[in-house]
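# Working through the structure, step by step
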There are 2 protein chains.
Amino acid sequence: METPSSSGIKTAAVLVIGDEILSGRTQDTNINYIARFLALKGIDLKEARVVGDDQGQIVAALNALRGSYDFVFSTGGIGPTHDDITADAIAAAFGVGIGYHPEAYALLEARYGKNEFNVMRRRMARIPRGATLIANRVSVAPGFCIGNVFVLAGVPAIARAMLEALAPQLPEGPKVHSVTITASVPEGRIAEGLGAIQSAHPDTAIGSYPFYREDGGFGVQLVVRSRDFASAEAAALAIESHLAMFGVAAQRAI
Amino acid sequence: METPSSSGIKTAAVLVIGDEILSGRTQDTNINYIARFLALKGIDLKEARVVGDDQGQIVAALNALRGSYDFVFSTGGIGPTHDDITADAIAAAFGVGIGYHPEAYALLEARYGKNEFNVMRRRMARIPRGATLIANRVSVAPGFCIGNVFVLAGVPAIARAMLEALAPQLPEGPKVHSVTITASVPEGRIAEGLGAIQSAHPDTAIGSYPFYREDGGFGVQLVVRSRDFASAEAAALAIESHLAMFGVAAQRAI
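A brief look at the structure comes next. (Residues numbered from 1 in each chain as written. Chains lettered and ligands numbered in written order. Predicted model: local features only at pLDDT ≥ 70, side-chain atom pairs only at ≥ 80, totals over all residues. Heavy atoms only, no water.)

At the junction of the two partners, chain B supplies 58 residues and chain A supplies 58 residues. Across the chain B to chain A interface the summed buried area is about 4600 Å²; carbon plus sulfur atoms make up 53%. Between the two partners, chain B and chain A, sit 2 salt bridges. For the salt bridge of B:R189 with A:E116, the shortest nitrogen-to-oxygen distance reads 3.3 Å. (Contact = heavy atoms within 4.5 Å. Buried area = accessible area lost by both parts, 1.4 Å probe. Salt bridge = Lys/Arg side-chain N within 4 Å of Asp/Glu carboxyl O.)

This is the structure in structure tokens:
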């Protein structure tokens, strides 16, 4: 199911920026949310990286990802405090200057009022040259887009609002159809037939995900993915026949 | 607080392998768990990457990470099914052969019995040459260690059991002390003083994490981290004085 950019399918990467993810303080949820957002657009998320609040690390990762994929979505590091260094790092990665963006400045000044719009809050109006703003209906301070990079906040509610705002800018591609079959069988018992089914259905990607529940229940979720609905359906039916041959109860999760 | 490897502080990276993370089907929790495990060992997690079930991607990411950090922990792709390609990819990354590991083979044969130890389950005994096994008390199939790379299962309960098994092999370094102060104030109001406190306490890393609750509550968590307990404490006291000056109620989360 590999779909290189030349096929017309767009690819993307996520770059999560923040010491709090690497220290274990914070469980990231932005990668998963962006993955599901991109799936609905028909864009393939191909890679994600997490780096700390370190300009060298951010620049290196950003330049690697923006050169390899059609779009990059970063999260984190665009607030008012000293540890928010993403805008400067992005400007450095692109080799452009950075300064107050008049529209961002005006939005933030209106939000805080002249008296409360202090020097640190003004930092949130510093945007790399040539970037366009991404609206933030939660806390006003905008994200921005430069080249093929979308720079979002780290707070999940704000990152989500920014995705909603930028969505119309993204192309829509053919979506991946996904069929999930849950079966109460150890995956190793059915694995040989499953491999044969994968070989016979090269337009699909079949994933096998075992689970172990605390109540002692176990089994496997078999996930068929394809941009061609009929191919996905044919592979799913082949899996169901295979399971029936083993006398295994199975059900689809739609 | 940058602590290069030459300081004696060990560094690590996590490589998550699996289409299910990038499709959005599965919320990864292994990065966060490994981050907290490493923090307790005094090892700095510096980077994490997520790639799909694709040998080229796995090899490229693995070789980049193992060359940059003291340790790499991979998760995912070591089961019995066709989509489990991690062991082969790791062998390719190291340029070594792969074959049945006698001890792994014996363990798995004993687990399944000769009749149920089919060709696909035998795949789980295929280990790159020169690797040593990592015990798995949950489902027997072992992980392995080769060079500075620890190869773990993707199922969280099994990844955790493998970490427990390999823990004695890891060095113990000085741990990072962390003080968290929660305050009901917008971070932008206290940001200037906070930046000054960061500058005055260079042995610490001070992170500022705003939060917005659904009930309308908002505020900030200020996290001071340092390998020197007295430095962390001094910076935390400076932050508490700063907050008091603004008349902001604050409390430590210990």
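Residue and element names in this part refer to chain A. Where helix 2 (residues 30–41) meets helix 7 (residues 156–166), the closest approach of the two axes is 11 Å, and the angle between their N-to-C directions is 20°. In this view, helix 2 runs roughly parallel relative to helix 7, as classed from their interaxial angle. Between helix 2 and helix 7 lies a crossing of right-handed hand. Within the contact between the two elements, helix 2 uses N30, Y33, I34 and F37 and helix 7 uses P156, A159, R160, L163 and L166. Tallied by class, residues from the contact of helix 2 with helix 7 come to 7 nonpolar, 1 polar and 1 charged. (Axes fitted to C-alpha atoms, helices over the stretch in contact; angles between N-to-C directions. Helix = DSSP H or I, 4+ residues; strand = E, 2+ residues; numbered from the N terminus. Parallel < 35°, antiparallel > 145°, perpendicular 65-115°, else oblique. Left-handed = near helix turned anticlockwise from the far one by under 90°. Nonpolar A, V, L, I, M, F, W, Y, C, P; charged D, E, K, R; others polar.)

Before going further, it helps to examine the relation of the copies chain B and chain A. Expressed as a screw operation, the relation of chain B to chain A combines 0.0 Å of axial shift with a rotation of 180°, fitting to an RMSD of 0.0 Å. One copy is carried onto the other by what is essentially a two-fold rotation axis. Among all residues of chain B, the minimum C-alpha distance to the rotation axis is found for B:R49, at 2.2 Å. (Least-squares fit on C-alpha atoms with pLDDT ≥ 70 in both.)

In terms of nonpolar packing, the biggest core is built from 116 residues, with A:F73 and B:F73 touching the most fellow members. Ignoring anything within four residues of it in the chain, the contact list for A:F73 reads A:A12, A:A13, A:V14, A:L15, A:I34, A:L38, A:F150, A:L152, A:L163, A:L166 and A:L170. (Core = buried A, V, L, I, M, F, W, Y, C linked by side-chain atoms within 4.5 Å. Buried < 20%, exposed > 50% of the residue type's maximum accessible area, 1.4 Å probe, protein only.)

Moving on to the environment of B:P202. Of note, B:P202 is situated in the loop between helix 8 (187–200) and strand 10 (205–212). With relative accessibility at 56%, the residue B:P202 sits in the exposed group.

Consider a sheet: its strands pair through backbone hydrogen bonds, and that pairing is either parallel or antiparallel. Residues and elements named next belong to chain B. Taken together, 4 strands build an open sheet; the order of strands is 10-11-9-12 and the sheet is antiparallel. Among the strands making up the open sheet, the edge pair consists of strand 10 and strand 12 (250–253). Taking each pair of neighbouring strands and ignoring which way they run, the sheet shows an average axis angle of 25°. Relative to strand 12, strand 9 (residues 177–183) runs antiparallel, the two sharing 4 bridges. Paired with T180 across the strands is A253, a residue of strand 12. In the packing of helix 8 onto the sheet, contacts are made with strand 10 and strand 11 (218–226), and the angle to strand 10 comes to roughly 170°. (Pairing = 2+ DSSP bridges.)

Turning next to the packing of helix 3 (residues 55–68) of chain B against helix 4 (residues 86–94) of chain B. Residues and elements named next belong to chain B. In contact at an axis separation of 9 Å, helix 3 and helix 4 are set at 55° when each is read in the N-to-C sense. Taken together, the axis directions place helix 3 and helix 4 in an arrangement best described as oblique. Between helix 3 and helix 4 lies a crossing of right-handed hand. Every residue of helix 4 that contacts helix 3 at Q55, I58, V59, L62, N63 and R66 is listed here: D88, A89, I90, A92, A93 and F94. Residues that form the contact of helix 3 with helix 4 fall into these classes: 8 nonpolar, 2 polar and 2 charged.

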